[in-house]
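Examination of the molecular architecture
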Amino acid sequence: MKQDVLPADGRLGILIPGLGAIASTVIAGVEAVRKGIAHPIGSVTQLSTIRLGKRTENRNPLIKDFVPLAKISDIVFGGWDIYEDNVYESAINAGVLDTRLLDQVKPELEKVKPMAAVFDHDYVRNIDGPNIKKADTKYDLALAVMEDIKKFRKDHNCSRIVIVWCASTEKYIELSDSHKSIELFEIGLKNNDPNIAPSMIYAYAALKMGIPFVNGAPNLTVDIPALIDLAKETKTPIAGKDFKTGQTLMKTILAPGLHARALGVSGWFSTNILGNRDGKVLDDPHNFKTKEVSKLSVLDQIFKAEDNPLLYGNMYHKVRINYYPPRGDSKEGWDNIDIFGWLGYPMQIKIDFLCRDSILAAPLVLDLALFMDLAKRSQMSGIQEWLSFFFKSPETLPGLPPEHDIFKQLMKLQNTLRHIMGEDLITHLGLDYYQEFVDAAL
Ligand SMILES: NC(=O)c1ccc[n+]([C@@H]2O[C@H](COP(=O)([O-])OP(=O)(O)OC[C@H]3O[C@@H](n4cnc5c(N)ncnc54)[C@H](O)[C@@H]3O)[C@@H](O)[C@H]2O)c1
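Residues numbered from 1 in each chain as written. Predicted model: local features only at pLDDT ≥ 70, side-chain atom pairs only at ≥ 80, totals over all residues.

To continue, consider the overall build of the protein chain. Along the backbone of the protein chain there are 17 helices and 11 strands. Against the 2.2 N^0.38 benchmark of 22 Å for 442 residues, the protein chain shows a C-alpha radius of gyration of 22 Å, consistent with a compact globule. Projected onto the principal axes, the alpha-carbon positions of the protein chain cover approximately 75 × 50 × 45 Å. Evaluated residue by residue, the protein chain yields a buried proportion of 44% over its 442 residues. (Helix = DSSP H or I, 4+ residues; strand = E, 2+ residues; numbered from the N terminus. Rg over C-alpha atoms; globule rule 2.2 N^0.38 Å. Buried ≥ 20, exposed ≤ 12 C-beta atoms within 10 Å, placed from the backbone.)

A word on the sheet that holds strand β5 (residues 213–215). Here seven strands make up an open sheet; going across it, the order is β3-β2-β1-β4-β5-β6-β11 and the pairing parallel. Two strands close off the open sheet at either side, each with one partner strand: β3 (115–116) and β11 (382–383). Relative to β11, strand β6 (residues 237–239) runs parallel, the two sharing two bridges. Each bridged residue has a counterpart across the sheet, and for I238 the counterpart in β11 is I383. Packed onto the sheet, helix α15 (residues 357–377) meets β1 (11–17), β4 (158–165), β5 and β6 and runs at close to 130° relative to β4. (Pairing = 2+ DSSP bridges. Contact = placed C-beta atoms within 7 Å. Axes fitted to C-alpha atoms, helices over the stretch in contact; angles between N-to-C directions.)

With that settled, consider unusual backbone geometry. Note that the residue after G240, namely K241, is joined by a cis bond; omega there is -10°. Locating K241 in the fold gives a position in the loop between β6 and α11 (246–260). At N192, a residue that is not glycine, the phi angle is positive and equals roughly 55°. A positive phi angle, near 45°, is found at K304, a position not held by glycine. Mapped onto the fold, K304 is located in the loop between α13 (285–303) and α14 (309–312). A residue is classified by how many C-beta atoms lie within 10 Å of it, and K304, with 14 of them, is partly exposed.

Lining the immediate surroundings of the ligand are 35 residues, of which G18, G20, A21, A217 and R277 lie closest. Going through the elements one at a time, α1 (21–34), β2 (75–81), α12 (277–282) and α15 are the ones with two or more residues in the shell around the ligand. For the shell around the ligand, a count of residues per class yields 20 nonpolar, 10 polar and five charged. Residue contributions to the shell around the ligand reach at least three from each of two domains, namely domain 1 (11–243 + 358–420) and domain 2 (247–354). (Near = placed C-beta within 6 Å. Nonpolar A, V, L, I, M, F, W, Y, C, P; charged D, E, K, R; others polar. Domains from an automatic or database assignment.)

So, about the packing of helix α9 (residues 198–208) against helix α10 (residues 225–233). Following both chains from N to C, one finds α9 and α10 inclined at 15°, their axes separated by 9 Å at the closest point. Compared by their axis directions, α9 and α10 come out roughly parallel. Crossing of α9 over α10 shows left-handed handedness. Between α9 and α10, the residues in contact are M200, A203, Y204 and L207 and L227, L230 and A231, respectively. Residue composition of the contact of α9 with α10, by class: seven nonpolar, no polar and no charged. (Parallel < 35°, antiparallel > 145°, perpendicular 65-115°, else oblique. Left-handed = near helix turned anticlockwise from the far one by under 90°.)

With that settled, consider the domain arrangement of the protein chain. Examined at the domain level, the protein chain breaks down into domain 1 (11–243 + 358–420) and domain 2 (247–354). Distance from the C-alpha centre of domain 1 to the C-alpha centre of domain 2: 26 Å. Contacts between the two partners involve 28 residues from domain 1, matched on the other side by 27 residues from domain 2. At the level of secondary structure, the elements contributing two or more residues to the side of domain 1 that touches domain 2 comprise α15 and α16 (406–420).

Structural data, given as C-alpha cells:
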C-alpha cells in the first residue's frame, strides 16, 4: 500500500555546516546542472533507474520520476563556516573545479555567504578562523543556530529545510553521560560540558525544529542516545556517518565479491595520500582516530570472521592516511590485498585509485538531502538505515550490526522506495513468474 507522502511543494533549503571542498563542489555542480552546462554524474536520485514489478514488465523509470523528490530547480543553498569566504572563493580555494566552470556560476556562488559557525578549537586543532559565534553557553549557541535557520527559511522563502554536515572531522570522543538522554544533554549544553561537540549543537538545533540532519563525517554527532531519542520525539529523520567515497567505496564493492566466492583474505593494507584541508585536519592524530575507526569497521562486518575463521580469521587490516599537500583534492589510494584460493594458494590484488574526493562526495550530499526530505514528507523518523548505501559507517539502532555490503545496501534502498510508493518489493527470487515464462515458451 502506498504511504502518505506529502508533495514536494515549494523550495527546499539545504543548509551545510562546513562550506569547504565538498560543499562548494556540490553547490557549484547543482548550479551548473540547473543551467544545463553539466550533468549530475554519480547522483542516484538524478540518474539511476529502478526496476518495478517482474523483469518481463520492462518498467525501469528514473528514480526521480518514480518518487516525488524535490526538483533541482527548487533547491536553495546556505551554510556556516569558520572562514568568511563565500562559496565562489571557497571553491577557488579548494581547487576541485576548474575556473571556466566556476566562472559560469559565479554570481550564484557568491551569494552563498557563510553564517558564523559554532566552533571549538579543541575539536579541530589544525585550522582556525574568524567567523565564529560567541555565547556564554552551548545552549545559547544552539538557540543562535535555530535563529539562523529561521532567518534563512524566511529570507529564502523555503517550505522545508535539510541539514547536511560537511564540516571538518572532529576529534575522537566516546559516549559520555551527557550523551545518554535528552535531559542530560540539555543540562550539558547549559553547563558547557566539553563532551558536547559543535556538530552535536547544530544537530540538536535542527532536531528541535524537526529538520532532518545528515552527518557526512565520522564524528559521533547524531549517533548518541540523546539525539536519537530527540529525533524520535520530534519525528525527524537522521542519518550518518561518513560519506562512502574513494577507498572505502572500493572496499565495499570488492569485499562482498570475494566473500561471495568463498575466497580467503589474509591481509588488506590501505594507504592514501591527499593534500586538501580535510587531509590537513586528519593529520592530527585525534582527528585521524575518528576516521580510522570508521574505515576499519567495514571489512569486519562484510567478512564476519567469527562465522568463517578459516577464510578470514587471520586477516590483517591496516588503514593509513598521509597528508601530502601537492596532491590537493586529487587523492591517491593504494590497496594491497592478499587473498588465497583453492587449497590455500596465495594471490594478490593491487588497486591504485586516482580519485577525486569531492567529486565522489558531492552527489552523495545531493542524494542524501533529497532522500531525507522525502523521508520527512513520508513520516519516516529516527535513523534512516535505508540510506546506509551512502555511508562508510552506517548509523543503526544500538545493538543492530550495520550492513556494509553495497549491493545489500542498494537492495534495501530500492525496496524502501518501492515500499513508500506501494510497489511490490523485489527479492530477485523470480520463481513465481519463471515457470509462467517457461510454460509460455513451450
Ligand atoms: N571528500 C570525501 O570523499 C569525504 C568522504 C567522507 C567524509 N568526508 C568528510 O567530509 C567533511 C568535509 O570534507 P571537505 O573535503 O569538504 O573538507 P574541507 O576541509 O574542505 O571543508 C570543511 C569545512 O568545514 C569548516 N568547519 C570546520 N569546523 C566547522 C564548524 N564547527 N562549523 C562550520 N564549519 C566548520 C572548515 O573551515 C572547512 O571550510 C570532512 O569531515 C571529511 O572528513 C569527506
